[in-house]
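Geometric and topological summary
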Amino acid sequence: MKQDLIVILDLGSTQNTVLARQIRDLGVYSEIHPHDISPEALSALPNVKGIILNGGENRIVDGAAVEVNPALYELGYPVISIDYPQSKCQTRLPALPDQDTLKKFLFEDCAAEANWNMKNFIEDQVELIRRQVGDRKVLLALSGGVDSSVVAAMLIKAIGQQLVCVHVNHGLMRKNESESVVNVFRNELHANLIYVDASERFLGKLAGVADPEQKRKIIGGEFIRVFEEEARKLEGIDFLGQGTIYPDIIESGTKTAKMVKSHHNVGGLPEDLKFELVEPLKQLFKDEVRACGVELGLPHDMVYRQPFPGPGLGVRCLGAITRDRLEAVRESDAILREEFARAGLDRKVWQYFTVVPDFKSVGMKNNARVFEYMVIIRAINTIDAMTASVEKVDWDVLEKITGRILAEVENVNRVCFDMSPKPPATIEFE
Ligand code: XMP
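Residues numbered from 1 in each chain as written. Predicted model: local features only at pLDDT ≥ 70, side-chain atom pairs only at ≥ 80, totals over all residues. Heavy atoms only, no water.

When its secondary structure is counted, the protein shows 13 helices and 16 strands. Rg of the C-alpha trace for the protein: 25 Å, near the compact-globule value of 22 Å for 430 residues, within the 12% margin. Its C-alpha atoms give the protein principal-axis dimensions of roughly 85 × 50 × 40 Å. Counting contacts in the protein only where the partners sit at least 6 residues apart, residues at least 24 apart contribute 76% of the total. Summed over all atoms, the accessible surface of the protein reaches about 20,100 Å², with 51% contributed by carbon and sulfur. Taking the 51 positively charged and 63 negatively charged side chains of the protein as two groups, their mean positions are separated by 3 Å. (Helix = DSSP H or I, 4+ residues; strand = E, 2+ residues; numbered from the N terminus. Rg over C-alpha atoms; globule rule 2.2 N^0.38 Å. Contact = heavy atoms within 4.5 Å. Areas by Shrake-Rupley, 256 points an atom, 1.4 Å probe, with all protein chains shown as cover. Lys, Arg positive; Asp, Glu negative; His and termini not counted. Charge placed at Lys NZ, Arg CZ, Asp CG, Glu CD.)

Okay, structure coming up:
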């Protein structure tokens, strides 16, 4: 194994990720593990050089203070503690901005080497995947999003044709998105890829459904059913690859921190389809996942794409989805993305898209009154998607986009720009 490892044990700190980043910024790989990790599990981690007991304000869970198994002190690793009064170790790190004590701990007490980089991370993960999977097969739902694409590229490098990717086109993808997934993974990376065009099936299930949560439930539920049907056709699959990343784990709740939101990459598969999970990115932050994708040779556009919701254009074709409005969303979104890229805004603006409401307004075409749809443009910036501000898009760029949408997109006679920050608006419309 290439990288040294510092293990952070979560004893209720709200700063675990800050500390992990701080250590990685010093060039040493660090992972966060639960406080009750067994001594056997801890010593099975590769290249452990030291342990940090990271206490804090969430130390009391269900009325009792969380504690480490005292046997961990007997393993022989250097141990340091932060805000953890029960600690048996002598050395304490007084505060997180204390770089000198941290550096002394890493490089003197633990004798760790600054050998954390993406190349080494990938080599280590490839070896760990090969050890876990052996000559067996892994199934992966490849949406084409950053996380599933990077995990696919990593698994292809590790086990090649033993990986079976399934790409389900639910008909709510952006223009040419499924084609690009097939092109990159089947033609360039030579992945074993099953492409399922389930557009008609999804549109059929969604017909007449206007409630956004109902739409989300149908899209999520149907996705699992299609994936399950494909999985049942295959034989000899023991593992399920997942693009879980560290923020997903935190948001789903840890032993000391409450859940923010649940994450189901391919959750909800039936009980009899039991797979062991392969999650090589689960200790990475989003920017590290992107760096990993670049190192694995994925195209820049795929790795640095803006966030795209799981229900896709389904929540941007407002109300009950109809084919004409879905096409208007898809075509206007493609124009917006093309013009933003031309103006250099694709690397500046965090998220930008179009929506089409389910009502018409009056306009003039060929000297006649016509009632047609409107396209609303949204372009926002944010750090964490919890709050967002509106990008001040250059007027000329907006005029050009408007002109193209009115000329090229059918059934549209009006273009608006959404000026609302979050809150009170959300980023998406539904
Ligand atoms: P909101 O609309 O809540 O969006 O301000 C915050 C971020 O989450 C994305 N989003 C979703 N992502 N499934 C997803 O995978 C969803 O149902 C969903 N709804 C919103 C949204 O695009 C934004 O980046």
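Now, onward.
Considering the arrangement of structural elements, one finds serine 178 in helix H6 (residues 177-188). Using a relative accessible area of 3% as the deciding quantity, one classes serine 178 as buried. Residues serine 178 and tyrosine 195 lie 17 residues apart in sequence; the distance between their C-alpha atoms is 8.7 Å. Beyond its immediate stretch of four places on either side in the chain, serine 178 contacts His167, Asn169, Met173 and Tyr195. Among the polar contacts made by the side chain of serine 178, one reaches the side chain of asparagine 169 at a distance of 3.5 Å. (Buried < 20%, exposed > 50% of the residue type's maximum accessible area, 1.4 Å probe, protein only. Polar contact = N/O pair within 3.5 Å; in protein donor to acceptor, adjacent residues only side chain to side chain.)

This part is about the pairing of strand S2 (residues 29-34). Most of S2 is tucked away: five of the six residues are buried. As paired strands, strand S1 (residues 5-11) and S2 are joined by six bridges and run parallel to one another. From the neighbouring strand, leucine 9 faces S2, where its bridge partner is histidine 33. (Pairing = 2+ DSSP bridges.)

The quantities given are spatial measurements derived from coordinates; they are silent on function.
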